[in-house]
Amino acid sequence: MTDATDLSELPAGPTVQGKLSRDDIMMRGGMLVIALYLVITLAFPLYAMLSKSFSTYRFELAQYEFQMSDEDGVFDGTILNGAELNEQTGAFDELDLSAGSDGRIGVTGFFPEFSFRSPVMYQIRNTSDTGRFLVGSKLEDGTDWVTLDSNTFRRVQLRPMESTGFGNFINYFSTPALFNSIKNSLWIAVVSTIVTVTLAFWFAYALNRSCMRYKGVFRLIAMAPILVPSLLPGIALVYLFGNQGMIKELLFGASIYGPIGIVIGSVFFTFPHAFIIISTALAVSDARLYEAAASLRATRWRTFWTVTIPGARYGLISAAFVVFNLVITDFGLPKVIGGQFNVLAVDIYKQVIGQQNFEMGAVVSVVLVIPAIFAFAIDRLVQSKQVALLSARSVPYQPQPDKRTDTFSFIYCAFVGLFIIGILAVCQFAALIKFWPYDLSLSLNNYQFDRMDGGGWGSYFNSIKLGLLTAVFGTAIVFFGAYLVEKTNGFKTGRALFQMFAMLPMAIPGMVLGLAYIFFFNNPSNPLNAIYGTMAILVICSVTHFYTVSHLTAVTALKQMDREFESVSASLKQPTLKLFSRVTVPVCLPSILDISIYLFVNAMTTVSAVVFLYSPKTSLASIAVLNMDDAGDIAPAAAMGMMIFYTNAAARIIHLLVSKGVLTRTQAWRTR
């Protein structure tokens, strides 16, 4: 009998790899298509913006040569170099020689005795092929002499040379007014975050840990600020505390135009975001911990600090970073009520719209992205460390009636609700009066938008069109992409990269994304240049800007479905597309409807993401509010803002009714 062969000495066999099915190939292909969409609409524009921030322009005077004739028009052959002339005359200093891409300087300053009536003739040429100068509107980029009379010579303007470097960043940080915007933005964001999270925590605590009445009403009131653009609270504060405000005396001489107004307005429009997160954290609590604290005779205050706060700490941290991100990247509110108090988002607008300095706008955008990404990264890190607070053996916490606590909670929620309703009521009041503060009679004159700047009623209907297109196409793209990344077999690297791109939009401020679209899509050499200035680019920008929250909503819904559905479908030899349409979509329909209304509302209210991209034909209601406020038509701006609010409120109601009807038919299995 022979000895058994040692299995460890056998040669390694070939690695067996599973064969990809047709459905696997289709799903991976679909994922790559949507990933390509995110690359084109997010990665490429951001790269173009980053490249623009390092593009520097400078007038290289040594690349130009001049000749000057006598009064008879005869040139003696003396060649004058531009750099040498500048040293002799001191016409331009170093700061003057640094410019933007559209910069230009005249050349007559090199000749102190120049007169456009003089019979003297001039000649100018480039010394290299990179030199450029304008004669009127004609660009000269050759090295041949150009002969001009004195009257024409005064129209000569030199153009700067492009190079790459950190010059723009050096200029930015060496300009005190611009650099001060960083400090202002951080200070406003920190103060607003502390105030908002504090108010939202106690509001959520009152609703979750008391037996007060009208909880549903207060929840609706708390969510109202989501339905309006961030500019609207600024307009309301002007009517309340402005130079002719209703109750300006309450500020005791302080001005609402500046940090005070920005902080109050920021608290208004970020409150619902903080409330949702904190309320979710407080809603999941184990009653056994409170029973243990009571049995140990711990005081309410001690129980609060040892049980409630630790249980809600992740929600508090997440809410803080979300609020911080929203405030530091907001543009509309500081633009309306910021006055001379500069912040980063408004600096981008001033550099691009006011000074046409796109390179410096790109620099400010890069600076703005840093704290936004930093806050987002910490938030994701904190969420990754969060552990389940509710186990299978946990007992859900149920608050017990307490007259004192319930009364105090009701009073507190009433004050917060009064603040929110008051802001909206002031805006509606401003929209209906004829002429504040001299004629307080009611009128609908402020709703005659066609007589005012801002795009008229057409901008309002454009916003509705944008909201509907964003909801339809955005929901389809987001949900299908989430389905592919969640249900595709294998392909770990591709799925990880897709998740990274899907999370990136949350960290990119709207102003930055809009400016990046200018650099990328407004490039004539880009094949996609045709969509610039159309409704299509507004839809693409809106879908991309709000992609992350929608994606996370879809992924959460899909994770609730066991992978056994795919296994059963494969065993029955049913195509994945059939499973997707017959099972996945009906089961996830509540989340799909939530994504659609989220995209619609945000497309109606967004300002920063589209302020650089609209055209006269695609002006939007939120942009009309901004433009009318700039033109001094504050009451019509309030009227347009309230139209956005009522439209979003109506959309919410329609969404609720449609959801109830559709879900009754498709979600009956949930109640069995």
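These figures come from a predicted structure and were not determined experimentally.

Conventions adopted
- Residues take numbers from 1 onward in each chain, read along the sequence in its written order.
- pLDDT decides what is reported in this predicted model: residues at 70 or higher carry local features, side-chain atom pairs at 80 or more are listed and counted, and totals for whole chains, interfaces and linings draw on all residues regardless.
- The basis for every side-chain value is the complete set of non-hydrogen atoms in the structure, without hydrogens or water.
- Stacked, tilted and edge-to-face are the three classes assigned to paired rings of Phe, Tyr and Trp, where Trp is represented by its six-membered ring and a pair needs centres within 6.5 Å; plane angles under 30 degrees give stacked, over 60 edge-to-face, the rest tilted.
- A helix here means a DSSP run of H or I that spans at least four residues, while a strand means a run of E at least two residues long, and both kinds are numbered starting from the N terminus.
- Only protein chains enter the accessibility calculation, which uses a 1.4 Å probe. A residue is then buried if its area is under 20% of the maximum for its type, exposed if over 50%, and partly exposed in between.
- Charge-over-ring contacts are defined here by two conditions on Lys NZ or Arg CZ: a distance within 6 Å of the ring centre and an angle within 35 degrees of the ring normal.
- Whether two strands pair depends on DSSP finding at least two bridges between them.
- Here the term patch refers to residues with relative accessible area over 30% and no salt bridge, with like charges joined within 9 Å and nonpolar side chains (Val, Leu, Ile, Met, Phe, Trp, Tyr) within 5 Å.
- Computed with the Shrake-Rupley method and a 1.4 Å probe, the accessible areas treat only the protein chains shown as cover for residues.
- Salt bridge, as used here, is a side-chain nitrogen of Lys or Arg placed within 4 Å of a carboxyl oxygen of Asp or Glu.

Concerning the packing of aromatic side chains
Following the criterion strictly, the structure yields 36 aromatic pairs and no others. Where Phe 218 meets Phe 410, the ring centres are 5.7 Å apart and the plane angle is 75 degrees; that geometry is what we call edge-to-face. Taken as a pair, Phe 218 in helix H7 (residues 215-223) and Phe 410 in helix H15 (residues 403-432) lie far apart in primary sequence, 192 residues in all. Owing to a relative accessible area of 7%, Phe 218 belongs among the buried residues under this scheme. On the numbers, 4.9 Å between centres and 80 degrees between planes, the contact of Phe 520 with Phe 521 is edge-to-face. Relative accessible area serves as the criterion here: at 15%, Phe 520 is assigned to the buried category. Taken together, the ring pairs in this structure connect Phe 66, Phe 92, Phe 110, Phe 111, Phe 114, Tyr 122 and Phe 153 into an aromatic cluster. The ring of Phe 116 carries the charged tip of Arg 154 above its face, separated from the ring centre by 4.2 Å.

Some thoughts on the sheet that holds strand E11 (residues 161-164)
Read across the open sheet, the 3 strands follow the order E4-E1-E11; overall the sheet is antiparallel. The open sheet is flanked by strand E4 (98-99) and E11, the only strands paired with a single partner. Pairing of strand E1 (residues 55-58) with E4, which is carried by 2 bridges, proceeds in the antiparallel orientation. Across the sheet, Tyr 57 pairs through a bridge with Ala 99, a residue of E4.

With respect to a nonpolar patch on the surface
A cluster of nonpolar side chains, contributed by Tyr 214, Val 217, Phe 410, Ile 411, Phe 415 and Leu 418, occupies part of the molecular surface with about 620 Å² of accessible area. For the nonpolar patch, the element with the most residues is H15, which contributes 4 residues. Relative accessible area serves as the criterion here: at 42%, Ile 411 is assigned to the partly exposed category.

Observations concerning unusual backbone geometry
The backbone phi angle of Tyr 214 is positive, close to 60 degrees, even though this residue is not glycine. Take Tyr 214: it is sitting in the loop between helix H6 (176-208) and H7. Overall, the relative accessible area of 47% leaves Tyr 214 in the partly exposed class.

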